[in-house]
Amino acid sequence: MSEQNVGPDHAEANGSTGTPNPTLPRKNVWELGYNNNEAKFGNLEGTYKASPGSVYTSYTVKVDQAQGDRAQEFKLFCFSRPHMRALHCAWISFFLAFFIWFAITPLMAEIQHDLNLTKREVWSSTIRSEAMTIVARVFVGPLCDKFGARIPMAVVLCISSIPVACIGLIQNAAHLSVVRAFIGIAGSSFVMAQYWPTRMFTSEIAGSVNGLVAGWGNLGGGVAQPIMGSVLFPAFTNVFDGNSEKSWRVICIIPAAITLIWGLIVSFISDDAPMGYYKDMKRNGTMDFLDLSAHFRNGWSDVNIWILYTQYACCFGVEIIMNNVLVLYYTSEFGLTTKDAAALAGLFGLMNIIFRFLGGWASDKMNLWNGTRGRLWLQTLLLLFEGALIVFFASSASLAVSVLKMCLFSVFVQAAEGS
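Quantities reported herein were computed from a predicted structural model and do not represent experimental measurements. (Residues numbered from 1 in each chain as written. Predicted model: local features only at pLDDT ≥ 70, side-chain atom pairs only at ≥ 80, totals over all residues. Heavy atoms only, no water.)

Our next topic: the overall build of the chain. Looking only at helices and strands, the chain features 17 helices and five strands. Per-residue burial for the chain yields a buried fraction of 55% across its 419 residues. Of all intrachain contacts in the chain linking residues separated by at least 6 positions in sequence, the fraction that spans at least 24 positions is 75%. Total accessible area computed for the chain in this model is approximately 18300 Å², and 67% of it derives from carbon and sulfur atoms. (Helix = DSSP H or I, 4+ residues; strand = E, 2+ residues; numbered from the N terminus. Buried < 20%, exposed > 50% of the residue type's maximum accessible area, 1.4 Å probe, protein only. Contact = heavy atoms within 4.5 Å. Areas by Shrake-Rupley, 256 points an atom, 1.4 Å probe, with all protein chains shown as cover.)

Core analysis: the largest hydrophobic core is formed by 108 residues, its most contacted members being I167, W196 and Y330. With 13 residues, the single largest contributor to this core is helix α2 (residues 83-101). Ignoring anything within four residues of it in the chain, the contact list for W196 reads A86, C89, A90, A149, R150, M153, V266, S270, D271 and D272. (Core = buried A, V, L, I, M, F, W, Y, C linked by side-chain atoms within 4.5 Å.)

Attention now goes to unusual backbone geometry. Omega for the bond connecting R81 with P82 falls within 30 degrees of zero, at 0 degrees, which places this linkage in the cis form. Here P82 lies in the loop between β5 (70-71) and α2. Even without glycine at this site, N116 takes up a positive phi of about 55 degrees. Take N116: it is sitting in the loop between α3 (108-114) and α4 (119-147).

A few words now on helix α10 (residues 253-266). Counted at 1.5 Å a residue, the expected span for α10 with its 14 residues is 20 Å, and the 20 Å between its end C-alpha atoms agrees. Among the residues of α10, those classed as buried are P255, A256, T259, W262, G263 and V266. End-on, the buried residues of α10 take up no more than an arc of 135 degrees, which puts them together on one face. Opposite its buried face, α10 presents the exposed residues I261 and L264, each directed more than 90 degrees away. (Expected span 1.5 Å × (residues − 1). Arc of directions from axis to C-beta.)

Together, I134, W300, I305, W306, L308 and Y309 give the surface a local cluster of nonpolar side chains, amounting to about 620 Å² of exposed area. Among the elements that take part in the nonpolar patch, helix α13 (residues 303-313) stands out by supplying four residues, more than any other. Within the secondary structure layout, L308 lies in helix α13. (Patch = residues over 30% accessible without salt bridge, like charges linked within 9 Å, V, L, I, M, F, W, Y side chains within 5 Å. Salt bridge = Lys/Arg side-chain N within 4 Å of Asp/Glu carboxyl O.)

This next bit is on the packing of α2 against helix α8 (residues 206-239). At their nearest, the axes of α2 and α8 sit 7 Å apart, and the two run at 30 degrees to each other. Classified by the angle between their axes, α2 and α8 sit roughly parallel to one another. α8 is crossed by α2, and the crossing has right-handed handedness. Taken together, the residues of the contact of α2 with α8 sort by class into 17 nonpolar, four polar and no charged. (Axes fitted to C-alpha atoms, helices over the stretch in contact; angles between N-to-C directions. Parallel < 35°, antiparallel > 145°, perpendicular 65-115°, else oblique. Left-handed = near helix turned anticlockwise from the far one by under 90°. Nonpolar A, V, L, I, M, F, W, Y, C, P; charged D, E, K, R; others polar.)

All right, on to helix α17 (residues 399-418) then. Counted at 1.5 Å a residue, the expected span for α17 with its 20 residues is 28 Å, and the 29 Å between its end C-alpha atoms agrees. The element α17 is largely enclosed, with a buried count of 15 among its 20 residues. Here α17 starts with a cap whose side-chain oxygen sits 3.4 Å from the backbone nitrogen of V401, and that cap is S398. (Polar contact = N/O pair within 3.5 Å; in protein donor to acceptor, adjacent residues only side chain to side chain.)

Its boundaries defined by the atoms lining it, the largest pocket holds a volume of some 2100 Å³. Counting residues per element, the ones that place at least two in the lining of the largest pocket are α4, α7 (189-200), α8, α12 (292-301), α13, α14 (316-333), α16 (352-394) and α17. With nine residues, the top contributor of residues to the lining of the largest pocket is α4. Classifying every residue of the lining of the largest pocket by side-chain character gives 22 nonpolar, 17 polar and six charged. By volume, the second largest pocket is sized at about 250 Å³. Around the second largest pocket sit A109, Q112, K119, V122, W123, V325, L328, Y329, T331 and S332, which together line it. The set of elements that each furnish at least two residues to the lining of the second largest pocket consists of α3, α4 and α14. Top element by residues in the lining of the second largest pocket is α14. It accounts for five residues. Across the lining of the second largest pocket, the residue classes tally to six nonpolar, three polar and one charged. (1 Å grid on protein atoms, 1.4 Å probe; cavity = no way out; pocket = protein on both sides within 12 Å on 5 of 7 lines; lining within 4 Å. Points joined across faces, edges and corners; volume = space filled by probe spheres on them.)

By the secondary structure assignment, S93 is in helix α2. At a separation of 2.7 Å, a polar atom in the side chain of S93 contacts the main-chain carbonyl oxygen of C89. A distance of 2.8 Å separates the side chain of S93 from the side chain of W262, its partner in a polar contact. Discounting chain neighbours no more than four positions away, the residues touching S93 are M153, L157, W262 and V266.

A separate point is the packing of aromatic side chains. Taken as a whole, this structure holds 22 aromatic pairs when the rule is applied. Between the aromatic rings of F190 and F316, the centroid separation amounts to 5.8 Å while the plane-to-plane angle is 20 degrees, which identifies the pairing as stacked. Of this pair, F190 sits in helix α7 while F316 sits in helix α14; the two residues are 126 residues apart in sequence, bridging distant segments of the chain. Each member of the pair, F190 as well as F316, is classed as buried. Ring-pair connections join several aromatic residues into one group, and the members of that group are F94, F98, W101, F102, F190, Y312 and F316. Seen from the ring of F147, K282 lies directly overhead, with NZ or CZ sitting 5.8 Å from the centre. Here the basic side chain of K405 rests over the ring of F392, its NZ or CZ set 4.0 Å away from the ring centre. (Phe/Tyr/Trp six-rings, centres within 6.5 Å; stacked < 30°, edge-to-face > 60°. Lys NZ or Arg CZ within 6 Å of the ring centre and 35° of its normal.)

Where charged atoms of side chains with opposite charge meet at close range, the side chains can pair. With the rule as written, the count across this model stands at six salt bridges. The shortest N-O distance in the salt bridge between R150 and D272 comes to 2.9 Å. In this pair, R150 sits in helix α5 (residues 150-165) while D272 sits in the loop between α10 and α11 (278-283), placing the two residues 122 residues apart along the sequence. Between R283 and D280 there is a salt bridge, with the nearest N and O atoms lying 2.6 Å from each other. Remark: D280 and R283 occur in helix α11; sequence separation between them is three residues, near one turn of the helix.

Structure follows, in structure tokens:
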């Protein structure tokens with residue numbers, strides 16, 4: 001891969017000829033994500049040449065032009081477009097989506113008490129939320145193929161923030177089920193969060209990058225537990241003179257507003273692919289047209305898809321269940337307050353900060369050693385340990401032992417997801 005020295009004076013030049021290409025939308029220096037005074041936003045002394053069909057003249061990471069200018073490396077503290085900007089937009093969007101998806105879970109003990117709900121009614125609302133996620137994921141996948149991840153991610157964030165803001169209007173079990181069902185749309189953000197970096201980075205580092213994005217994104221579900229249950233809930237309860245019901249009815253507006261604002265912004269500050277927006281790539285002949293109906297049918301008829309579905313259900317499905325029930329578990333089994341139970345439940349999700357990435361990294365290493373079979377052996381091993389530990393966790397007699405087992409169990413859940 002050859003390198004060229006590119007400075008701000010050359011931002012409008014075509015990568016191969018040095019002359020402007022009138023058929024492509026031009027990218028100014030600030031749109032590329034760097035300027036003269038901020039070298040960390042782009043190495044101006046040695047950037048990498050882009051393909052002629054790209055709207056960018058150069059990139060700040062090494063790319064493989066044979067793979068559509070996908071990056072062969074990632075620089076975690078770089079925010080330049082298109083590769084690293086997309087990576088950071090992906091995990092931040094996923095983080096916020098998971099935060100609002102699980103924002104209500106640390107408050108469920110309070111909601112159940114205040115609305116006189118049964119365990120059956122609480123679980124029914126949880127099932128409806130997960131069911132909506134499954135349905136939404138089926139539909140957003142083909143949309144990513146057609147439009148890229150950028151626009152579907154923005155739409156999902158904006159739509160799912162609305163029912164989160166409506167949590168305070170819940171009056172009975174039926175309201176709870178409806179609201180949580182629509183909140184479940186946020187869970188479909190996972191599809192975009194994985195599609196986006198896969199579109200930006202080569203297959204050789206796909207496991208590491210996807211593990212990083214998914215891990216930091218899933219972290220939102222873990223962070224939501226202590227932020228909502230241990231920080232905002234008691235703080236607003238004090239503000240409202242001890243009125244805990246008023247507190248849980250109000251605090252969900254905060255993450256909903258933040259997510260809505262980010263959803264409105266993210267599509268304007270990122271790209272669909274290394275070469276730019278899908279609509280421009282299609283117009284310029286650098287991207288093929290996809291028959292969505294045929295694509296959808298092929299996916300459903302592929303046995304490997306269903307095998308992967310089952311494997312992922314065994315790890316990510318378990319994490320979703322744990323995020324939904326841990327606060328209720330600690331309040332009912334050990335008599336903890338919502339504040340204390342939420343703080344402990346958050347530890348399960350916090351394991352995402354490193355172990356999901358490590359699972360993806362290990363999967364890449366196994367792939368180099370023995371191809372896809374190596375990845376499968378790793379995931380099988382991790383799932384076996386996960387299964388053993390969940391049985392081990394269920395037999396906990398004391399709070400301290402329970403928390404220790406939960407954290408160890410979470411390590412293998414997150415690593416299995418990353419692999």
